[in-house]
Amino acid sequence: MKTRLLILFLSAFPLLLRSDEAPLKLWYDKPASNWNEALPLGNGRIAAMVFGAPEMERLQLNEETIWAGGPNNNVNPDAAKAIPQIRKLIFAGRYVEAQRLADEKVVPLGNSGMPYQPAGNLFIRFPGHENSSGYRRELDIENAAASVSYETGGVRYKREIFSSFTDQVIVARLTADAPGRITCLISIDMPQSASVRSERGRIVLSGLSGDHEGQKGSVRFCVLVHVETKGGTAACDSGRIQIAGADEAVVFISMATNFRNYHDLGGDAFGRAESLLASSVKMDYETLRSRHAAGYRRLFDRVRLSLGATDSTRNPTDIRLARFRNGNDPQLVELYFQYGRYLLISSSQPGTQPANLQGKWNEHMRPPWDSKYTININTEMNYWPAEVTQLPETAEPLFDMIFDLSETGKQSARVLYGARGWNAHHNTDLWRITGTVDRAFYGLWPSGGAWLCRHLWEHYLFTGDRAFLEKTYPVLKGAAVFFADVLQEDPVHRRLVVCPSISPENAYLRQGGINVSVTAGCTMDNQIVFELFSNVIRAGEILKKDKAFCDTLFALRKRLPPMQIGRHNQLQEWIEDRDDPNDTHRHVSHLYGLHPGWQISPYR
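Each chain has its residues counted from 1, running along the sequence as written. pLDDT decides what is reported in this predicted model: residues at 70 or higher carry local features, side-chain atom pairs at 80 or more are listed and counted, and totals for whole chains, interfaces and linings draw on all residues regardless. Each side-chain value is derived from all of the structure's non-hydrogen atoms; neither hydrogens nor water enter the calculation.

(A) Broad picture of the overall build of the chain. Helix numbering and strand numbering both begin at the N terminus, where a helix is a DSSP run of H or I of at least 4 residues and a strand a DSSP run of E of at least 2. Within the chain, the secondary structure is distributed over 15 helices and 22 strands. In terms of overall dimensions, the chain is globule-like: its C-alpha atoms have a radius of gyration of 26 Å, near the 25 Å expected for 604 residues. Dimensions of the chain along its principal axes, counting C-alpha atoms only, are 85 × 55 × 55 Å. Taken over 604 residues, the chain has a buried fraction of 58%. A separation threshold of at least 6 residues defines the contact pool for the chain, and within that pool the share at least 24 residues apart is 69%. Taken together, the 68 basic and 67 acidic charged side chains of the chain have centroids lying 4 Å from each other. Values of the radius of gyration come from C-alpha atoms, whereas the globule rule sets the reference at 2.2 Å times the count of residues to the power 0.38. Three labels apply to residues, based on accessible area from a 1.4 Å probe with only protein chains included: buried if under 20% of the type maximum, exposed if over 50%, partly exposed otherwise in between. In what follows, residue pairs with any heavy atoms lying within 4.5 Å of each other are defined as contacts. Just so you know, the count uses Lys and Arg for positive and Asp and Glu for negative, and it drops His and the chain ends. Positions of charges follow a simple convention, taking NZ of Lys, CZ of Arg, CG of Asp or CD of Glu.

(B) Representation of the layout of surface pockets in the model. The rule is simple: put a 1 Å grid over the protein atoms alone, call a set of points where a 1.4 Å probe fits but cannot get out a cavity, call an open set with protein on both sides within 12 Å along at least five of seven lines a pocket, and count a residue as lining if it has an atom within 4 Å of a point. Grid points are joined across faces, edges and corners, and a volume is the space filled by probe spheres set on the points. Estimated volume of the second largest pocket: approximately 370 Å³. Forming the boundary of the second largest pocket are 17 residues, of which Leu-357, Trp-369, Thr-374, Asn-378 and Glu-505 lie nearest the centre.

(C) Structural context of the pairing of strand S8 (residues 155-163). Most of S8 sits out of view: 7 of its 9 residues are buried. Inspection of the sheet shows strand S7 (residues 145-152) paired to S8 by 7 bridges, in the antiparallel sense. Bridging across to S8, Ala-146 finds its partner in Ile-161. Any two strands with at least two DSSP bridges between them are considered paired. Counted along the chain from S7 to the antiparallel partner S8, the turn is 2 residues long, and its residue Gly-153 has a positive phi close to 60°. Relative to strand S9 (residues 170-176), S8 runs antiparallel, the two sharing 7 bridges. Looking at S9, one finds that Arg-159 is bridged to Leu-174. Counting the residues that bridge the hairpin from S8 to S9 gives 6 residues, and of these Gln-168 lies at a positive phi of roughly 60°.

(D) Broad picture of the pairing of strand S6 (residues 133-140). Pairing of strand S1 (residues 25-28) with S6, which is carried by 4 bridges, proceeds in the antiparallel orientation. Looking at the pairing, Leu-26 lines up with Leu-139 of S6. In this sheet, S7 lies alongside S6 in antiparallel orientation, the contact comprising 6 bridges. Bridge pairing in S7 places Glu-138 opposite Ser-147.

(E) Structural detail: the side chain of Thr-394. Here Thr-394 lies in the loop between helix H9 (384-388) and helix H10 (396-417). Classification of Thr-394 by relative accessible area gives buried; the value is 0%.

(F) Representation of the nonpolar core in the model. Residue types Ala, Val, Leu, Ile, Met, Phe, Trp, Tyr and Cys, when buried and joined through side-chain atoms within 4.5 Å, form a set referred to as a nonpolar core. Ranked by internal contacts, the top residues of the largest apolar core, which has 147 residues, are Leu-61, Leu-122 and Ile-186. In terms of nonpolar packing, the next biggest core, distinct from the first, is built from 16 residues, Ala-145, Phe-162, Val-169 and Ala-273 among them.

(G) A look at the sheet that holds strand S10 (residues 182-189). Read from one edge to the other, the open sheet built from 7 strands follows the order S2-S3-S4-S5-S10-S15-S14, with strand pairing classed as antiparallel. With one partner strand each, in any of the chains shown, strand S2 (39-42) and strand S14 (233-237) form the two edges of the open sheet. Within this sheet the neighbouring strands show an average axis-to-axis angle of 20°, counted without direction. Across 5 bridges, the pairing between strand S3 (residues 46-50) and strand S4 (residues 56-63) is antiparallel. Of the residues in S4, the one forming a bridge with Met-49 is Gln-60. What counts as an axis is a line fitted to C-alpha atoms, over the stretch in contact for a helix, and the angles between N-to-C directions run from 0 to 180 degrees.

(H) Geometry of the sheet that holds strand S11 (residues 194-199). Ordered by their spatial adjacency, 9 strands build an open sheet running S1-S6-S7-S8-S9-S16-S13-S12-S11, and the pairing between neighbours is antiparallel. Looking at which strands have only one partner, the edges of the open sheet turn out to be S1 and S11. Each strand axis lies, on average, 15° off the axis of its neighbour in the sheet, ignoring direction. Sheet strands in contact with helix H4 (residues 269-280) are S11, strand S12 (202-208), strand S13 (220-230) and strand S16 (248-257), and its direction is about 150° off that of S16.

(I) Quick look at the packing of aromatic side chains. Note on aromatic contacts: the rings of Phe and Tyr and the six-membered ring of Trp form a pair at centre separations within 6.5 Å, being stacked when their planes are under 30 degrees apart, edge-to-face when over 60 apart, and tilted otherwise. A complete count under the given rule lists 18 aromatic pairs for this structure. Residues Phe-441 and Tyr-442 carry aromatic rings whose centres are separated by 5.0 Å and whose planes lie at 75° to one another, so their mutual orientation is edge-to-face. Judged by its relative accessible area of 38%, Tyr-442 falls in the partly exposed class. On the basis of an interplanar angle of 90° and a centroid distance of 5.2 Å, the ring pair of Trp-451 and Tyr-592 is categorised as edge-to-face. Taken together, the positions of Trp-451 in helix H12 (residues 448-463) and Tyr-592 in the segment after helix H15 (547-558) put the pair 141 residues apart, joining distant regions of the chain. Tyr-592 sits in the buried class, given a relative accessible area of 2%. By way of ring pairs, the aromatic residues Phe-165, Tyr-296, Phe-300, Tyr-339 and Tyr-342 are connected into one cluster.

It is worth stressing that arrangement in space is one thing and function is another; only the former is reported here.
Set out below in structure tokens:
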């Protein structure tokens, strides 16, 4: 709570001055040795990871709508028959049997969501640059640009790269401090089904997203690479561009897909990529760079944080991180705070998709956890800085996804639970699936949509935007209607509980070598439903509508289980006192009421 208050205080005073001798840059004295060390660039829609080797630059590319599969919802109608049986088993205390039945019957239809996939790799090979000195690779998070510089053969070389917020292309300028020294070979590759050709002096990559779990890939994408040079020559042949003896070269990368929305793939990937490229190459580099920086800084410059600086700022960022525990480097905290804002700005902009598990940066066909939207905490965490650090526009893609889910989630509510309204479980993807994902231990959690609704309400609290509340009220109400229909009376406590459900990713009990999560009345569910009902009641009062329905929610809210203190003086994670003091699981879901919720506070 104190941290949240500090951030709120800082965001209210954007003119706090930062020390000039400590620029907001991540910098390194060696190239990236792996993907995790590369520097991320993005404009919300397209992204790149910059590796920075002198002899061969690698830009790993992403376009946000390249996902495996195609339009679908994974709601399994056969699973509905098992839900009442699972409830009976849970209320009878037969939890192992309940989870086994859920694993057998409450399974997704066809798939557990699609993976986010890469757009390819652009390589720029510099012959004779294997031995260099004076190397520096940096990410300037005040201007959203990366650079690489080094010296070889008595010449200082530099690369400047950014993903334009205003012109929707990735731009890389190659320069040297001596004329005629830019000689390089540009090529592109792709780990999935794609073709590469030369056309009108450009590299053209055309591809199709991958298949996954029975879903055929259906996202068609296009990557165009164009080069403008000063001096020297540039020739494009066999899907490669050879630059020789140039004073300067500016590389343009344009990417697009056929994706229009989660149920429409009727777009023209090549036409869109070509249009974006055509408008960009008309401008000189300095114009593109200044337009980009201005577009980015319109958001970034709203908050400044000054914690002081020491000599540690003279060290590369990896050295600062290694020494931080035992050193004195307050500016690294400032850098870390602003880097978080940079990543959110760079991966979520109005009109784009929300930031997924890896923002918009991914090199794998099958990334960890498919790089989906894990809505039992990860997606929400991405957006915790949005309101409190003066970046509300970055939350618009999340709001758009919630609206989509409020439509697709009507199917899971109706088919799985026989309920009105809408819901989503713990995972979704580009196609806005709302059925269960994975096995019951992780996936039988119907409260993901309700948690997302908190972001809609929080935006209203920060802005007081009544029109926004009016627009989003049906979504909030639909989520509340779902729980009004599905709450069950616990025969032991006579309370209304969410059943079946889980406390995300933690075991309710361990029996016979089986970790069991499926139960009823988890504290997190109680807190989420209490908060959702409260927000809808308050919204109804503000908008002067649905009094009868809000009265119903008020009556239901009184019957929700209260938070309880257990035998270890702990806040119980479940309705029963089953917490293990030796449990070190990374999820602490029952603290939702403390953060991001408001039910637990030292000031109440």
